[in-house]
Structure formats: structure tokens, C-alpha cells
Amino acid sequence: MQMPDRQSHLNVLPAASVVIAILLQTDFVSSTLVVVPSDTVAIVGSNTQLYCSTNLPAPVQWQHIPRGSKFPTDVYLHSTVVNGYVGRFHVQVENKTGAYNLVINNTQFEDAGVFRCLDNQGQGEQQDAKLNVTESTELRLTPTFAEVQEGESFQFTCKTYYKDEAIRWQRIPMENNFPVDVYLDDLLVDGYDARYEVIKEVNAGINKLIIKRAELRDSGVFRCIDRSGHGQQVDSQLTVVGPLKCHSSFNASCELEGRENVTLTCSVNFAGKTPPTIEWKHEGEKILGATSISSNEVQSYLKVQINQGSSYSSPYSCSSNASNSACTIRIHNCTVSGESTETRLPASATSGGLSISAIVVPIVIFIIIKVV
């Protein structure tokens, strides 16, 4: 058996050692910028800080390339903030760590762009970082609470910082707590594509969900989710109410005996967690009525005393904070001590398809109900 050449074996080892030495030497080569700035999002009006540290004795240089420009301008050069940036810009220097951190006070939209840290007074390595300035990084949905009348249109507006990513809309119906998709992957889900519409303003990060004709069943929670449905989410409560209705009941007699009590009633149907409110007015003054609330209706009652020989030509009106119409009831006392006074009746009034004709009672008192 032939023994291996000892000299040949020894010749291999130095070559391997050289390779290892080279690899180790390459692995331990480090940058002179030991801390580099990173991309940052700042809210307008806030203070912003960009970090940069060097292990060289010479200071760094900071430059700014404004958004829309290709040309850098000096911000910090030869240990001094350059004119044009003096005031809101300054550099925090820590000699022990070699830190030259750029601080921007009261950040403005014009500060957006690229900031560059250059080592060795601009002669060494460099590192860029983007600064985006926005009103807010939070997802916002308006309105937070809303009431809308049945049959009317309504709009939710959702604004996101992440303009290039899709918005997802969900709805949580009143009858359960399980969210269902309304708008997903830039498409309206079946069942919502007839009465719903989505308008996008991509450059502004705005996404609008429009209900063309609100129905009572639309009541519930609407949810906006950014970043294609995987980001922040915000909710809004919607209550849909029916048309405003009013009527009266009274005890009429051929001759008044002192006073007659008339009860005026105003009501509205609704679906949602927040019942609408009803307000009474007479001669421009607010009047407090008694209110009863059920699961789907609000009723407000107002008692009026009619004195013998008095005139009641000025109307009583009721309105709801969720309705654009007002319901008016006008009380007339047209017979006093056996003498008749001529009273002119208004024509029937309509509001949102609701028509209530003038009601004439051929006795001492008659009442006109009008919805406007």
C-alpha cells in the first residue's frame, strides 16, 4: 500500500487557512455609520427625530431632498444648521456615542421627502430615510353616531393613511352581533349592490360608503377596516327612523264648560340602539312633553287646556332630530258665546309621501293637522 506524500498533504493546509482567514477578515468589516436613519411617518405639528451615529471623529452632514425634487439641500453642515432650516431644525450631538440626531420641531407638510446622513462631513458613507407627514396615521370614520330618515340617502366616510391598500366594510345587524361583509376586495357583496355604493378617492385615502335609500333594516353598526381588512378598525352606529306622525284626541261638547283638555301626540318609528328625540314648540317656545319609548317607536304627548272664549290660531309643532319634516297641529276655537267666527282652512300638506288632510269637526272645536 502506497503511503500519501506528506509534503503534498502539508501543502493543502496553508491554502485552506488562507481562505478561512480571508472569510473571517471580510466578515468583520463594519460600516462607519453605526446607527442609520429609518423611514418615518410624522403627524403634522408633532416633533420628529431621525437618528444617525458614526464611529469616525468627524461630524456627519445632513441633507434634505424635498418631496417632488431630485436635488439635495444641506440641512446640517460643518456642525451648523444651514439657513433655511434654522429655527425648527437642530441636531443633538453626543460625542461619546458619535450620535448626530436630527430633530424637527413642529413638523410641517413641506418637511416630507428624503433625509440623508453622510459620514465624515459628507465625504464618507451615506444613508437615506423617507419622511412622510400626515394629518394622522389613525383610521377615522365619520360620523360616529348617526340618525337618518327612512327613504333618504346617507354616507359614511372612512379615511386611512394607507392609501394604496383596500378598505373593507362590514355591518353588524341589530338582530345579532355577527359582522357580515358589505364591501370586500373592492367589490360590493351580493345583497348590498342594489342600494349601496362605494366611492374611492385614492390620493386622499378616502373611501365613502353610500346608502342610496335607507331602510329600517339598515340600522346597526357599520365597520371600516383598513389595510385590506387586516389593519385598524373603527365603528359607527346608525339608526334609521320612519316618517313623523302626529294626531290629537279631545273631548268636545256643544258648549264649553270652563276648559277642555286636548292631548296632542307625535310619534316616530325607528330601528336601532339610539331612539330619536321629539321636541314640541308653540309660538317659538320649546315645550316639554311626556315621552314613552318602546323597542321600535317613540311617542311624545302634550296636553293643552282650551279656555272658553279664547283663540288658538297659533300652531303646536313637533319635530324629531332624525327627521327633516315637522308635524303641525293647529287648534281653532271658532264659536264663542253662541257667535261664530269665520275660519279659513289650509289645503292638505304632504311630506315624504305622507299626506294628512285638514280634519274639520262640526262642533265648537276643530283641529287641523299638518305635516311639512
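Residues numbered from 1 in each chain as written. Predicted model: local features only at pLDDT ≥ 70, side-chain atom pairs only at ≥ 80, totals over all residues. Heavy atoms only, no water.

Draft legend 1. Seen up close, the overall build of the protein chain. Assigned secondary structure in the protein chain consists of two helices and 34 strands. Long-range contacts, defined as pairs at least 24 residues apart, comprise 58% of the intrachain contacts of the protein chain with a sequence gap of at least 6. Accessible surface computed for the protein chain: about 21300 Å², of which carbon and sulfur atoms make up 51%. (Helix = DSSP H or I, 4+ residues; strand = E, 2+ residues; numbered from the N terminus. Contact = heavy atoms within 4.5 Å. Areas by Shrake-Rupley, 256 points an atom, 1.4 Å probe, with all protein chains shown as cover.)

Draft legend 2. Layout of the side chain of T32. Looking at where T32 falls in the secondary structure, it is placed in the loop between α1 (6-27) and β1 (33-35). Here the side chain of T32 touches D119 through a polar contact of 2.4 Å, side chain to side chain. With residues near it in sequence (within four places) discarded, T32 still touches S53, T54, N55, L56, D119 and E125. (Polar contact = N/O pair within 3.5 Å; in protein donor to acceptor, adjacent residues only side chain to side chain.)

Draft legend 3. Highlighting the pattern of salt bridges. For the structure shown, the criterion picks out 13 salt bridges. Ionic pairing is found between K200 and D186, a salt bridge with its closest N-O pair at 3.4 Å. Here K200, found in strand β18 (residues 196-201), pairs with D186, found in the loop between β16 (180-184) and β17 (187-188); they are 14 residues apart in sequence, far enough to count as distant. Here K286 makes a salt bridge to E279, at a shortest N to O gap of 3.4 Å. You can call K286 exposed: its relative accessible area is 60%. Through salt bridges with shared partners, a single network forms among R195, E215, R217 and D218. (Salt bridge = Lys/Arg side-chain N within 4 Å of Asp/Glu carboxyl O. Buried < 20%, exposed > 50% of the residue type's maximum accessible area, 1.4 Å probe, protein only.)

Draft legend 4. Region of the structure containing the sheet that holds strand β6 (residues 73-77). A sheet is described by the order of its strands in space; here six strands give the open sequence β2-β11-β10-β5-β6-β7, paired in mixed fashion. Each edge of the sheet is formed by a strand with only one pairing partner; in this case those strands are β2 (40-43) and β7 (80-81). With six bridges connecting them, strand β10 (residues 113-118) and strand β11 (residues 126-134) associate as antiparallel partners. Within β11, the residue paired with G113 across the bridge is L131. (Pairing = 2+ DSSP bridges.)

Draft legend 5. View of the packing of aromatic side chains. Taken as a whole, this structure holds eight aromatic pairs when the rule is applied. When the centroid spacing of 4.9 Å and the interplanar angle of 80° are considered together, the rings of F154 and F156 count as edge-to-face. One aromatic cluster in this structure is built from F154, F156, W169, Y192, Y196 and F222. We note R227 situated over the ring of Y162; from NZ or CZ to the ring centre the distance is 4.1 Å. (Phe/Tyr/Trp six-rings, centres within 6.5 Å; stacked < 30°, edge-to-face > 60°. Lys NZ or Arg CZ within 6 Å of the ring centre and 35° of its normal.)

Draft legend 6. Highlighting the pairing of strand β8 (residues 89-94). Note: β8 against strand β9 (residues 99-104), six bridges, orientation antiparallel. Its bridge partner lying in β9, E94 is registered against A99. Linkage of β8 to β9, two consecutive antiparallel strands, is achieved through a turn of four residues, within which G98 is found at a positive phi near 75°.

Draft legend 7. Region of the structure containing the state of the cysteines. Tallying each qualifying case throughout the model produces four disulfides. Disulfide partner of C52: C117, at an S-S distance of 1.9 Å. As the torsion about the S-S bond is roughly -80°, the C52-C117 disulfide counts as left-handed. Within this pair, whereas C52 is found in the loop between β3 (48-50) and β4 (53-54), its partner C117 is found in strand β10, the two being separated by 65 residues in sequence. (Disulfide = S-S within 2.5 Å.)

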